[in-house]
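Structural features, examined
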Amino acid sequence: MPQESQDPGHEEDLLPSSSSSSSLPSPTPRTRFFGESSFLTLIPGDDGGIPAQSHISGGSGSSNNQKPRFTFPILANPRSTSQAAGGGTGLSSGTMRYLRDEGALTLPDLRSCLPAFEAYFAWFHPSYPILDRVQVARRLLSASSFSSVDMSRILLQAMLFIGATYCDAGTIRAMGFQDRSQAKTAFYTRARLLFHADWEKDQTVLIQSLFLMSFWRGGPADGRYDKQMADNHIPCRSRSMSKDSHTARMRRRIWWSIYVRRFPSLEL
């Protein structure tokens, strides 16, 4: 008689008993699955989705071209089905027209915004160093206008939203706004429109932008980006180990900034 395992958490091969007659044909090895003993029912795989060893025992000589059970690939950006880089990639003409009509792609004159960026790095950046200050300054100072700045449009809007909080009143007027509240509302609204249009495909830039947007407090129900920021928290940490030391260092800084932001008692 075949022997079955009594442990519901393991798989047991059903082999013929040693007392069986040698004249009987040898049965084909089978596997009886009694369920998973672990609470993990989904096991993340690599980019190809095929781990080195299958979780299904079908014999050493069997060939199985299907993906192993309980395995799924993790995309670099869960919000995007495309690996294309750059903001606005893949958006329809109607979406682009809507964003232009709503002013989401509008930015003031670059030179008038430089004091706001300086205020950002002087007052906000020391507490939350989620950006590379040297790299951002080099890109801004080497450009003649925002159209030639090699930075994401949603990140620029989010940075100006924070910068408008700390810059002086003269900078607010130079950027074309009557007061600080109008400037903050405009920059935040533009960043929010770009976010909901799925403008940004780079996950790191998306997390940086969401982190800055989470400081908006225009009303009692305007803290919803805190949850979306937290949803991106773990993916950022899971990819912090990078062969590029600069990338790994920036991701660790982002992770710790979010950690401190999520637990206000640690800011003291």
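All values derive from a computational prediction rather than experimental measurement.

The rules behind these values
Residues numbered from 1 in each chain as written. Predicted model: local features only at pLDDT ≥ 70, side-chain atom pairs only at ≥ 80, totals over all residues. Heavy atoms only, no water. Helix = DSSP H or I, 4+ residues; strand = E, 2+ residues; numbered from the N terminus. Buried < 20%, exposed > 50% of the residue type's maximum accessible area, 1.4 Å probe, protein only. Contact = heavy atoms within 4.5 Å. Areas by Shrake-Rupley, 256 points an atom, 1.4 Å probe, with all protein chains shown as cover. Phe/Tyr/Trp six-rings, centres within 6.5 Å; stacked < 30°, edge-to-face > 60°. Polar contact = N/O pair within 3.5 Å; in protein donor to acceptor, adjacent residues only side chain to side chain. Disulfide = S-S within 2.5 Å. Core = buried A, V, L, I, M, F, W, Y, C linked by side-chain atoms within 4.5 Å. Axes fitted to C-alpha atoms, helices over the stretch in contact; angles between N-to-C directions. Parallel < 35°, antiparallel > 145°, perpendicular 65-115°, else oblique. Nonpolar A, V, L, I, M, F, W, Y, C, P; charged D, E, K, R; others polar.

Describing the overall build of the chain
Along its length, the chain carries 10 helices and four strands. If you list the helices and strands of the chain from N to C, you get β-β-β-β-α-α-α-α-α-α-α-α-α-α. Counting every position in the chain, which comprises 268 residues, the buried fraction comes to 36%. Taking all contacts inside the chain whose residues are at least 6 apart in sequence as the whole, residues at least 24 apart take part in 67%. Carbon and sulfur atoms make up 53% of the accessible area of the chain, which totals about 16,200 Å².

What to know about the packing of aromatic side chains
This structure, assessed with the given rule, holds 15 aromatic pairs. Where Phe161 meets Tyr188, the ring centres are 5.8 Å apart and the plane angle is 55°; that geometry is what we call tilted. Highlighted residues: Phe161 in helix H4 (residues 153-166) and Tyr188 in helix H6 (residues 180-196), separated in sequence by 27 residues. The residues Phe161 and Tyr188 share a single accessibility class, namely buried.

Some remarks on helix H7 (residues 203-213)
Counting buried positions along H7 gives 10 out of 11 residues, so the element sits mostly inside the fold. Turning to H7, its buried residues are Gln203, Val205, Leu206, Ile207, Gln208, Ser209, Leu210, Phe211, Leu212 and Met213. With a side-chain oxygen lying 3.1 Å from the backbone nitrogen of Thr204, the N-terminal cap of H7 falls on Asp202.

What to know about the state of the cysteines
Counted according to the given criterion, the structure contains zero disulfides. Of the cysteine sulfurs around Cys113, a residue in no disulfide, the closest is that of Cys167, at 9.2 Å.

Quick look at the nonpolar core
Ranked by internal contacts, the top residues of the largest apolar core, which has 57 residues, are Leu99, Phe117, Tyr120, Leu140, Phe146, Met159 and Leu212. Looking at this core, the elements that each hand over two or more residues are helix H1 (93-101), helix H2 (110-124), helix H3 (133-141), H4, H6, H7 and helix H10 (245-262). Contacts of Tyr120, omitting those with residues within four sequence positions, involve His125, Ile130, Leu131, Met159, Ile162, Gly163 and Leu212.

Here we look at the environment of Ala197
Along the chain, the position of Ala197 falls in the loop between H6 and H7. Each C-alpha atom, one on Ala197 and one on Thr95, is 7.3 Å from the other, the two residues being 102 residues apart in sequence. When neighbours within four sequence positions are excluded, Ala197 is seen to be in contact with Leu91, Thr95 and Leu99.

With respect to the packing of H2 against H3
The N-to-C vectors of H2 and H3 enclose an angle of 170°; their axes lie 11 Å apart at closest approach. Judged by the inter-axis angle, H2 sits roughly antiparallel to H3. Where H2 abuts H3, its residues Leu110, Arg111, Leu114, Phe117 and Phe121 lie against Arg133, Val136, Leu140 and Leu141. Class assignment of the residues belonging to the contact of H2 with H3 gives a composition of seven nonpolar, no polar and two charged.

By themselves these figures say nothing about function.
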